[in-house]
Amino acid sequence: MKTLGQLAEIVGGIVIGNNDMMIIGVGSVKDGAKPGSITFAESEELHTAAEMTDVAAVIVPKSITKSSKNLLQVDNPRLAYARIAHEFMPEPLKTGEIHSTSVIHAQAQIASDVSIHPYVVIDKGAIIGEGTVIGPGVYIGQGVHVGMNCEIHANVVVEYGTQIGDRVIIHAGAVIGSDGYGFVTTNDGHYKLPQLGDVIIEDDVEIGANVTIDRGAIDSTRVGRGSKLDNLVHLGHNVTTGPECLIVAQSGIAGSTKLGKRVTLAGQSGAFGHLTIGDHVTLAARGLITNDVEDRMFLSGAPAQEHRKDYRIKASVRKLPELMKQIRNLEKKLVELEEKLKD
Amino acid sequence: MKTLGQLAEIVGGIVIGNNDMMIIGVGSVKDGAKPGSITFAESEELHTAAEMTDVAAVIVPKSITKSSKNLLQVDNPRLAYARIAHEFMPEPLKTGEIHSTSVIHAQAQIASDVSIHPYVVIDKGAIIGEGTVIGPGVYIGQGVHVGMNCEIHANVVVEYGTQIGDRVIIHAGAVIGSDGYGFVTTNDGHYKLPQLGDVIIEDDVEIGANVTIDRGAIDSTRVGRGSKLDNLVHLGHNVTTGPECLIVAQSGIAGSTKLGKRVTLAGQSGAFGHLTIGDHVTLAARGLITNDVEDRMFLSGAPAQEHRKDYRIKASVRKLPELMKQIRNLEKKLVELEEKLKD
Amino acid sequence: MKTLGQLAEIVGGIVIGNNDMMIIGVGSVKDGAKPGSITFAESEELHTAAEMTDVAAVIVPKSITKSSKNLLQVDNPRLAYARIAHEFMPEPLKTGEIHSTSVIHAQAQIASDVSIHPYVVIDKGAIIGEGTVIGPGVYIGQGVHVGMNCEIHANVVVEYGTQIGDRVIIHAGAVIGSDGYGFVTTNDGHYKLPQLGDVIIEDDVEIGANVTIDRGAIDSTRVGRGSKLDNLVHLGHNVTTGPECLIVAQSGIAGSTKLGKRVTLAGQSGAFGHLTIGDHVTLAARGLITNDVEDRMFLSGAPAQEHRKDYRIKASVRKLPELMKQIRNLEKKLVELEEKLKD
């Protein structure tokens, strides 16, 4: 619990109302807001809606000055809301202790102030940074470096050699550093091509549940700083992304493809291997990138095309049955005309 | 092993033949049936096929009265077969014991008659109901409630606050309650929006292997009573389903979309977020729902449309190359006509 | 570290240069090659590129005889490279020991020379073959047979009854033997149809991270010898594949479909259930097989068609907006002609 004044200080905002109002949590106008909670409203309309709920306070832009609720004025209400929500976020994995059942190799280095849960296994040469939290059943492989203030959820597997930066969040069941999919095919079968590279996860990355990220064949598979991978995403060997990419649930990027910065791949999308995708590219859900993509393109479709072109084509496709009738009519009329001409 | 008479009692059926015949298991006409097994036949034709196998007995509708095999007459042969198959189903996880290596928080409550396997971790405030079975390596987070007679397979992760009803089956590797995918994007990056809701799994739900279900942003993500999720399905934050939905392998539903009751999403399908999908809606495999859907619609395609319309369009698309030739012919004929007219 | 001569002996090649040159690892012309490493070049052009790197030696076809680098002549440079890469592959899971925290049932049989990591659980009646390596947190269910020289990564779950051959590699988080998705639907709900079959994984199979393979309903789900499944692949109950199939990331095969030998399903593809797919069939990425497929077909699209036909159709679809203009012009011209004829 925090007072409105304390929250204002955290986000650098101005209180119009009662600084000492106790705030018990965050709420949403749409999904419900308990008495004593705080919500945000980016417009006068949404503010009016917020006034009709039980919230104790509303985070608003500086243009909103009058309210039946306490106000907290900020430059970016949505961001301030996110920051305040952090104050109320439970941290169940933060114990500050190393559980006695964790098996930690004598040649692993564990910083102070970590939280290590039951049945964690940390292998030879691994390094765990300060403040990092590791949930139950996690396996940290040989030579893995995990930075500071990371949050690794239960049953995650981090295979040998993986390098993880600071403030990285990895959700349960993710696998980082499995072998890339590489074989030499002969008449006798598919001979396994050893995958001798590694995986580098840069700072501030968040990786969803049951994600799979393969180690590189020679060099590294790399997830760029501040990128966010949703659940069940797959990155093939030697994929690299620039910073702040958003890769939504169940998408997959085939091996050796390079993403620029702030690339957004919407849900269930994909990209072929060995491609170069520029900065600020957006791919719509279910899209499939099959060629290099220039900066700032907005693509959709499978294969993906520039969005308006794809939209135009899809609109035409929907009209196809009528178009076929039109063409049959044209043929009929043409035959009639030919008949008339003969006469 | 059970006698035919005992099985008849279980399903409320009538034996025509030997009540004391020992039945050793179930079999399938198509896939093989060992001597002494029981199978089912919904028609005279299938019954004849069954007579040619080694089965000891056949479950049949009441219209079938004569056979070279023992008969078990019921109203619904397929359902009776399923009930009888339960009698022969191994229950390897049911030990009736709490393994000494399980780490159970002092403030967790475990009912009697549970089966808890090695290396299970049950966190503070968790409650496990009677008869429930928890396989090796499972993590039950803080404040999680698991109902009675549930079956949670190895290495499942149930994050804090999740509520699970009775008779819920969760297959290995599933993750329930990972953070929803929510960020506030600014020039400085994607700031994490804490996900403060939870997940509610109602009674009689079955969840497949390596499924991911995110907790709500504020409120709950909810899987309705009797719904069945297949492997590798993903539910985004605040998705809710009505009862008895069927969501087939590798499908994904984006955040805040609501499904009615008895919605069927076939394999590898998807739905955008913030939609309302009615009752008894069916979506074909690979379909992608992009708008609200009314009750009882049968949809296909991506984006999904009413099935017959989608089918008509797809049929037209397949004829497109020939259509293009037709149009070139039309153009030629038109030019010829214009020439003739000039003369 | 090995000498070039030792490597030549392993692959049956001929050294042109210094037999005693120490080789420290493998490298790639494209992705970087450290001094002292060995790479391969399949053509004179690629050999020239290799000469410009720091490699100590190049594996080449017998047609290349002169070089500024040491040469290792072989019949198949790519295959020889893969074999040599194996010599430099770390084997972090190979400890030769059974960790004291592993819980092994008294009635399980463990061969000699196995490596079993912390927190492995091996259930009653399981058999583990010689030389096999089992990573941390793995669950081997009742009656599971694992062959020789297998490599099972952390947190894999192998459910009861599964049969695994020799030299099988299973990457982290995979689930083998979860229940197939089978229900009998009545007015009262979807009644679970017990899945009483098992899973057979033949020799030399490799299974990717977080893969799910369901047990059969009665009989077996079977992955044929030498097949390679990439991450997040799903096989429904009673799917069977012939030998040496390649199933790329995030693909899914619905229940009871049978693949022949050397079938390749590219990334994010799928196949309906109860189909028969012949030998040497290739399906392009995102393809969806909806009918039986004959041997040697190359398919693409969803639904999948013969590739050239699909390609022709997709090319026509892209021209649709222009086609619609063409048709409007035709209609205009036709109307003009009709007018002229009247005159």
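None of the values given here were measured: they were computed from a predicted structure. (Residues numbered from 1 in each chain as written. Chains lettered and ligands numbered in written order. Predicted model: local features only at pLDDT ≥ 70, side-chain atom pairs only at ≥ 80, totals over all residues. Heavy atoms only, no water.)

Here's the deal with the relation of the copies chain C and chain A
Between chain C and chain A, the superposition needs a rotation of 120 degrees and an axial shift of 0.0 Å, giving an RMSD of 0.1 Å. Taken together, the rotation angle and the small translation identify this as a three-fold axis. (Least-squares fit on C-alpha atoms with pLDDT ≥ 70 in both.)

Observations concerning the sheet that holds strand S18 (residues 163-164) of chain B
Residues and elements named next belong to chain B. Taken in spatial order, the six strands line up as S9-S12-S15-S18-S23-S26 in an open sheet, and their pairing is parallel. Whereas interior strands pair on both sides, the edge strands pair on one side only; in this sheet they are strand S9 (109-110) and strand S26 (220-223). By the bridge criterion, two bridges tie strand S15 (residues 145-146) to S18 in an arrangement that is parallel. Across the sheet, residue Val146 finds its bridge partner in S18, namely Ile164. (Pairing = 2+ DSSP bridges. Helix = DSSP H or I, 4+ residues; strand = E, 2+ residues; numbered from the N terminus.)

Examining the pairing of S26 of chain B
Every regular strand shows the same layout, with side chains that alternate between the two sheet faces. Residues and elements named next belong to chain B. Taking every second residue as pointing to the same face, the buried face of S26 carries Thr221 and Val223, while none of Ser220 and Arg222 on the other face is buried. Two elements, strand S23 (residues 198-201) and S26, share four bridges in a ladder whose sense is parallel. Paired with Ile201 across the bridge in S26 is Val223. (Buried < 20%, exposed > 50% of the residue type's maximum accessible area, 1.4 Å probe, protein only.)

Brief notes about the packing of aromatic side chains
Tallying each qualifying case throughout the model produces nine aromatic pairs over all chains. Here Phe40 of chain A and Tyr81 of chain A contribute two aromatic rings whose centre-to-centre distance is 4.8 Å and whose plane-to-plane angle is 45 degrees, an arrangement assigned as tilted. On the criterion of sequence distance, the pair formed by Phe40 of chain A in strand S5 (residues 37-40) and Tyr81 of chain A in helix H3 (residues 77-87) is long-range, its members being 41 residues apart. The class of Tyr81 of chain A is buried, set by a relative accessible area of 6%. With 5.1 Å between their ring centres and 85 degrees between their planes, Tyr181 of chain B and Phe183 of chain B make a pair best called edge-to-face. (Phe/Tyr/Trp six-rings, centres within 6.5 Å; stacked < 30°, edge-to-face > 60°.)

Notes on the interface of chain B and chain A
Counting residues at the interface gives 69 residues for chain B and 62 residues for chain A. Here chain B and chain A share an interface that buries about 5,300 Å² over both sides, 68% of which is from carbon and sulfur atoms. Between Lys192 of chain B and Glu206 of chain A there is a salt bridge whose closest N-O contact spans 2.7 Å. Only strand S20 (175-178), strand S21 (183-186), strand S22 (189-192), strand S25 (212-214), helix H4 (307-318) and helix H5 (320-342) of chain B provide two or more residues apiece to the side of chain B that touches chain A. Considering every element that reaches the side of chain B that touches chain A, the biggest residue donor is H5 of chain B, with 10 residues. Grouping the constituent residues of the side of chain B that touches chain A by class yields 33 nonpolar, 25 polar and 11 charged. (Contact = heavy atoms within 4.5 Å. Buried area = accessible area lost by both parts, 1.4 Å probe. Salt bridge = Lys/Arg side-chain N within 4 Å of Asp/Glu carboxyl O. Nonpolar A, V, L, I, M, F, W, Y, C, P; charged D, E, K, R; others polar.)

Section: empty space enclosed by the protein
The gaps left among the atoms become clear once a water-sized probe is rolled over them. Taken as a whole and judged by the stated rule, the model has seven cavities of 30 Å³ or more. Its volume calculated, the largest cavity comes out at about 240 Å³. Forming the walls of the largest cavity are Leu232, Gln250, Gln268 and Arg286 of chain A, Leu232, Gln250, Gln268 and Arg286 of chain B together with Leu232, Gln250, Gln268 and Arg286 of chain C. Class assignment for the residues of the lining of the largest cavity results in three nonpolar, six polar and three charged. Lining the second largest cavity we find 21 residues, and of these Gly137 of chain A, Gly137 of chain B together with Tyr119, Gly137 and Asn155 of chain C sit closest to its centre. Its residues assigned to classes, the lining of the second largest cavity shows 15 nonpolar, six polar and no charged. (1 Å grid on protein atoms, 1.4 Å probe; cavity = no way out; pocket = protein on both sides within 12 Å on 5 of 7 lines; lining within 4 Å. Points joined across faces, edges and corners; volume = space filled by probe spheres on them.)

Here's the deal with the packing of helix H4 (residues 307-318) of chain A against helix H5 (residues 320-342) of chain C
Packing of H4 of chain A against H5 of chain C leaves a shortest axis separation of 8 Å and a crossing angle of 55 degrees. As far as their axial angle goes, H5 of chain C and H4 of chain A are oblique. Contacts between H4 of chain A and H5 of chain C involve Arg312, Ile313, Ser316 and Val317 of chain A from the first element and Leu320, Pro321 and Met324 of chain C from the second. Classifying every residue of the contact of H4 of chain A with H5 of chain C gives five nonpolar, one polar and one charged. (Axes fitted to C-alpha atoms, helices over the stretch in contact; angles between N-to-C directions. Parallel < 35°, antiparallel > 145°, perpendicular 65-115°, else oblique.)

Observations regarding the environment of Phe272 of chain A
Its place among the elements puts Phe272 of chain A in the loop between strand S33 (270-271) and strand S34 (276-277). Residue Phe272 of chain A is classed as partly exposed on the basis of its relative accessible area, which comes to 32%. For the pair Phe272 of chain A and Arg215 of chain A, spaced 57 residues apart in sequence, the C-alpha to C-alpha distance is 17 Å. Apart from residues lying up to four places away in sequence, Phe272 of chain A is in contact with Ala254, Thr257, Leu288, Ile289 and Thr290 of chain A together with Ala285 of chain C.

With respect to the sheet that holds strand S4 (residues 25-26) of chain C
On the basis of which strands lie adjacent, the open sheet formed by five strands has the order S2-S7-S6-S5-S4 (chain C) and mixed pairing. In this open sheet, the two edge strands, each paired with only one partner strand, are strand S2 (14-16) and S4 of chain C.

Focus on the interface of chain C and chain A
Frequently, the measure chosen for interface size is the accessible area that the parts lose on association. In this complex, chain C contributes 63 residues to the contact, which on the side of chain A involves 69 residues. Roughly 5,300 Å² of surface becomes buried between chain C and chain A when both sides are summed, with 68% attributable to carbon and sulfur atoms. Summed over the shared surface of chain C and chain A, the result is one salt bridge. Within the residue set of the side of chain C that touches chain A, elements represented by two or more residues are helix H3 (77-87), strand S27 (228-229), strand S29 (246-247), helix H4 (307-318) and H5 of chain C. With 11 residues, the single largest contributor to the side of chain C that touches chain A is H5 of chain C. Taken together, the residues that form the side of chain C that touches chain A break down as 34 nonpolar, 16 polar and 13 charged.

Observations regarding the environment of Gly147 of chain B
Mapped onto the fold, Gly147 of chain B is located in the loop between S15 and strand S16 (151-152). It is 6.2 Å that separates the C-alpha atoms of Gly147 of chain B and Ile128 of chain B, two residues lying 19 residues apart in sequence.

Remarks on a nonpolar patch on the surface
Residues and elements named next belong to chain A. Residues Met1, Met22 and Ile24 make up a contiguous nonpolar surface patch of roughly 330 Å² in combined accessible area. Mapped onto the elements of the fold, Ile24 is located in the loop between strand S3 (22-23) and strand S4 (25-26). Ile24 sits in the partly exposed class, given a relative accessible area of 44%. (Patch = residues over 30% accessible without salt bridge, like charges linked within 9 Å, V, L, I, M, F, W, Y side chains within 5 Å. Areas by Shrake-Rupley, 256 points an atom, 1.4 Å probe, with all protein chains shown as cover.)

Some thoughts on the domain arrangement of chain A
By domain assignment, chain A separates into domain 1 (2-87) and domain 2 (103-307). On a C-alpha basis, the centroid separation for the pair domain 1 of chain A and domain 2 of chain A is 36 Å. (Domains from an automatic or database assignment.)

Examining the pattern of salt bridges
In this structure the tally under the stated criterion is 42 salt bridges over all chains. Note that Lys2 of chain C and Glu87 of chain C form a salt bridge whose closest N and O atoms lie 3.4 Å from each other. Within this pair, whereas Lys2 of chain C is found in strand S1 (residues 2-3), its partner Glu87 of chain C is found in helix H3, the two being separated by 85 residues in sequence. Take Glu87 of chain C: its relative accessible area is 34%, and that puts it in the partly exposed class. Within this structure, Asp179, Lys192 and Arg215 of chain A together with Glu206 of chain C form a network of salt bridges that share partners.

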